[in-house]
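Coordinate analysis (summary)
What follows is the residue order along each chain.
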Amino acid sequence: MPPSVAICAPLVGGVESVISDRYELRVHRGEVLGDERAVSDFIGDADAAITLLFNPVGETVLRSCPALRVVANCAVGFDNIDLDSARSRQLWVTNTPDVLTDATADLTLALILATTRRIVEADRFLRAGRFDGWKLDMMLGRGLQSKTLGIVGFGRIGRAVAQRALSFGMRVVWTDTSSVVEYDLPAERLDLDQLLRCSDVVSLHCPLTDSNRHLLDEERMRKLPSGAFVINTARGPLVDEQALVRLLKEGILGGAGLDVYESEPSVEAELLDREDVVLLPHIGSATEETRTAMAKLAVDNVVAVLEGHDPPTPVVRPTLR
Ligand code: GLV
């Protein structure tokens, strides 16, 4: 019997055939597998699983799917997977880094521009028939030149955002929990507190962990300069959405650009009513090229493990081999 692979949601770019040509393949095409029971019922006795960021893979799944050798997440983030359980079960866990860096950094800049230049609001304004001629004081936004961008998390995506922001004439400051960060950019490292106090725009690019939920809570966001913008293309729970709404209402913040939400896919109702926020449906990596490359990398990870090789982009590797 060939090994079997369970793909928890359809992939793109026709890459599933790489699996079906060699192994037994099952693809889930129905309602999202959004809880562990549904995920484990689907994966069952498969040898490998490709998961997406909305498929929780915790101890329940790993206990109920004893044949699993690899969980290949089709995302750079892996906060949906319990890495400790995977480690203790001697599994491979893989992700899809690098291939989505540019697309996510581009979208971050799009959100920075959309919020500071009121692009979505201006589009709504025109479509509502309110554009009755050019005026000197119409739809004034904020310029980026000489403003400070504070990047929280200076990994691959954070650095790609820095590169782009520098070309817009921004000053870039950054913070990271890692003590060693290699970079070659005119950008200054600060601690989080210092960064918040000087950032006209703050953008999050760190992974979500057990210890950084609400990294941007009310107290921290109050440290930002008046009228600052908050951009989040990382993970929703990094920002306290209720506090964000309060600070927008009070006029302490100038706006927010969000691609991710605390309780995705639902979005805080008060955000939906606001003109000073731009809300996107988690499309950071959503280009045809990037999503195809992500799917291909997830498949390559699975094939490598099933053929007895090390996968190209491991997050967790079995120690007893
Ligand atoms: C998307 O959010 C990802 O982690 O790839």
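Residues numbered from 1 in each chain as written. Predicted model: local features only at pLDDT ≥ 70, side-chain atom pairs only at ≥ 80, totals over all residues. Heavy atoms only, no water.

Attention shifts here to the overall build of the protein chain. Along its length, the protein chain carries 12 helices and 13 strands. Rg of the C-alpha trace for the protein chain: 21 Å, near the compact-globule value of 20 Å for 321 residues, within the 12% margin. Dimensions along the principal axes, computed over C-alpha positions, put the protein chain at roughly 70 × 45 × 30 Å. Within the span of the protein chain, comprising 321 residues, buried residues form 49% of the whole. (Helix = DSSP H or I, 4+ residues; strand = E, 2+ residues; numbered from the N terminus. Rg over C-alpha atoms; globule rule 2.2 N^0.38 Å. Buried < 20%, exposed > 50% of the residue type's maximum accessible area, 1.4 Å probe, protein only.)

Turning our eyes to something else, we now look at the pattern of salt bridges. One pass over the structure, following the stated rule, counts 25 salt bridges. In this structure, Arg-29 and Glu-16 form a salt bridge, with 3.5 Å as the shortest nitrogen-oxygen distance. Within this pair, whereas Arg-29 is found in the loop between strand S2 (24–27) and helix H2 (36–43), its partner Glu-16 is found in helix H1 (residues 16–20), the two being separated by 13 residues in sequence. Residue Arg-29 is classed as exposed on the basis of its relative accessible area, which comes to 57%. For Arg-89, the salt bridge goes to Glu-59, with nearest N and O atoms at 2.6 Å. Of this pair, Arg-89 sits in the loop between helix H4 (83–88) and strand S5 (92–94) while Glu-59 sits in helix H3 (residues 59–64); the two residues are 30 residues apart in sequence, bridging distant segments of the chain. Relative accessible area serves as the criterion here: at 28%, Glu-59 is assigned to the partly exposed category. Through salt bridges with shared partners, a single ionic network connects Glu-218, Arg-222, Arg-246 and Glu-250. (Salt bridge = Lys/Arg side-chain N within 4 Å of Asp/Glu carboxyl O.)

One pass over the full model with this rule turns up three aromatic pairs. Plain terms: the ring middles of Phe-154 and Trp-174 are 4.3 Å apart, the flat faces sit at 10 degrees to each other, and that makes the pair stacked. Of this pair, Phe-154 sits in the loop between strand S6 (148–152) and helix H7 (156–167) while Trp-174 sits in strand S7 (residues 171–175), and the two are 20 residues apart along the sequence. Just as Phe-154 is buried, Trp-174 falls in that class too. Measuring from centroid to centroid gives 5.5 Å for Phe-154 and Tyr-183, while their planes differ by 80 degrees, and the two rings are edge-to-face. With a gap of 29 residues between them, Phe-154 in the loop between S6 and H7 and Tyr-183 in the loop between S7 and strand S8 (187–189) connect regions that are remote in the sequence. Among the aromatic side chains, those forming a connected cluster through ring pairs are Phe-154, Trp-174 and Tyr-183. The ring centre of Phe-42 lies 5.7 Å from the NZ or CZ of Arg-26, which sits over that ring. (Phe/Tyr/Trp six-rings, centres within 6.5 Å; stacked < 30°, edge-to-face > 60°. Lys NZ or Arg CZ within 6 Å of the ring centre and 35° of its normal.)

A surface patch of nonpolar side chains, about 230 Å² in accessible area, is lined by Val-32, Leu-53 and Phe-54. Relative to the assigned elements, Val-32 resides in the loop between S2 and H2. The class for Val-32 is exposed, based on a relative accessible area of 51%. (Patch = residues over 30% accessible without salt bridge, like charges linked within 9 Å, V, L, I, M, F, W, Y side chains within 5 Å. Areas by Shrake-Rupley, 256 points an atom, 1.4 Å probe, with all protein chains shown as cover.)

Let's shift gears to the side chain of Arg-235. Along the chain, Arg-235 turns up in the loop between strand S10 (228–232) and helix H10 (241–249). Here Arg-235 falls in the buried class, since its relative accessible area comes to 13%. A polar atom in the side chain of Arg-235 sits 2.9 Å from the side chain of Asp-79. Setting aside residues up to four positions removed in sequence, Arg-235 forms contacts with Leu-53, Gly-77, Asp-79, Leu-208, Val-260 and His-282. (Polar contact = N/O pair within 3.5 Å; in protein donor to acceptor, adjacent residues only side chain to side chain. Contact = heavy atoms within 4.5 Å.)

What follows concerns the domain arrangement of the protein chain. You can read the domains of the protein chain as domain 1 (4–97 + 288–316) and domain 2 (101–279). For domain 1 and domain 2, the distance between their C-alpha centres works out to 31 Å. Facing the six residues of domain 1 at the interface are five residues of domain 2. The tally of links between domain 1 and domain 2 comes to one salt bridge. (Domains from an automatic or database assignment.)

Our focus in this paragraph is the packing of helix H5 (residues 101–116) against H7. The relative placement of two packed helices is expressed as an angle between their axes plus a distance between the axes. Between H5 and H7, whose axes approach to 9 Å, the crossing angle comes to 50 degrees. Considering their axes alone, H5 and H7 lie oblique with respect to each other. Crossing of H5 over H7 shows right-handed handedness. Residues Thr-101, Asp-102, Thr-104, Ala-105, Asp-106, Thr-108 and Leu-109 of H5 pack against Arg-156, Ile-157, Ala-160, Val-161, Arg-164 and Ala-165 of H7. Partitioning the contact of H5 with H7 into residue classes produces six nonpolar, three polar and four charged. (Axes fitted to C-alpha atoms, helices over the stretch in contact; angles between N-to-C directions. Parallel < 35°, antiparallel > 145°, perpendicular 65-115°, else oblique. Left-handed = near helix turned anticlockwise from the far one by under 90°. Nonpolar A, V, L, I, M, F, W, Y, C, P; charged D, E, K, R; others polar.)

Attention now goes to the environment of Thr-96. Position of Thr-96 relative to the elements: it lies in the loop between S5 and H5. For Thr-96, a relative accessible area of 0% translates into the label buried. Between the C-alpha atom of Thr-96 and that of Lys-296, which follows or precedes it by 200 residues, the distance is 9.1 Å. Excluding anything up to four places from it in sequence, Thr-96 contacts Asn-73, Cys-74, Ala-75, Val-76, Met-294, Leu-297 and Ala-298.

Turning our eyes to something else, we now look at the sheet that holds strand S1 (residues 4–7). Adjacent strands of a sheet form backbone hydrogen bonds with each other and so pair up, either parallel or antiparallel. Strand order in this open sheet of six strands is S2-S1-S3-S4-S5-S13, and the pairing throughout is mixed. Either end of the sheet is taken by a strand with one partner, and the two such strands are S2 and strand S13 (314–316). The mean angle between the axes of side-by-side strands here comes to 20 degrees, regardless of whether they run parallel or antiparallel. Of the strand pairs in this sheet, strand S4 (residues 70–73) and S5 are connected by three bridges, and their pairing is parallel. What sits directly across from Ala-72, in S5, is Thr-94. Against the sheet, helix H12 (residues 288–306) contacts S1, strand S3 (48–51), S4 and S5, and its axis sits at roughly 165 degrees relative to S3. (Pairing = 2+ DSSP bridges.)

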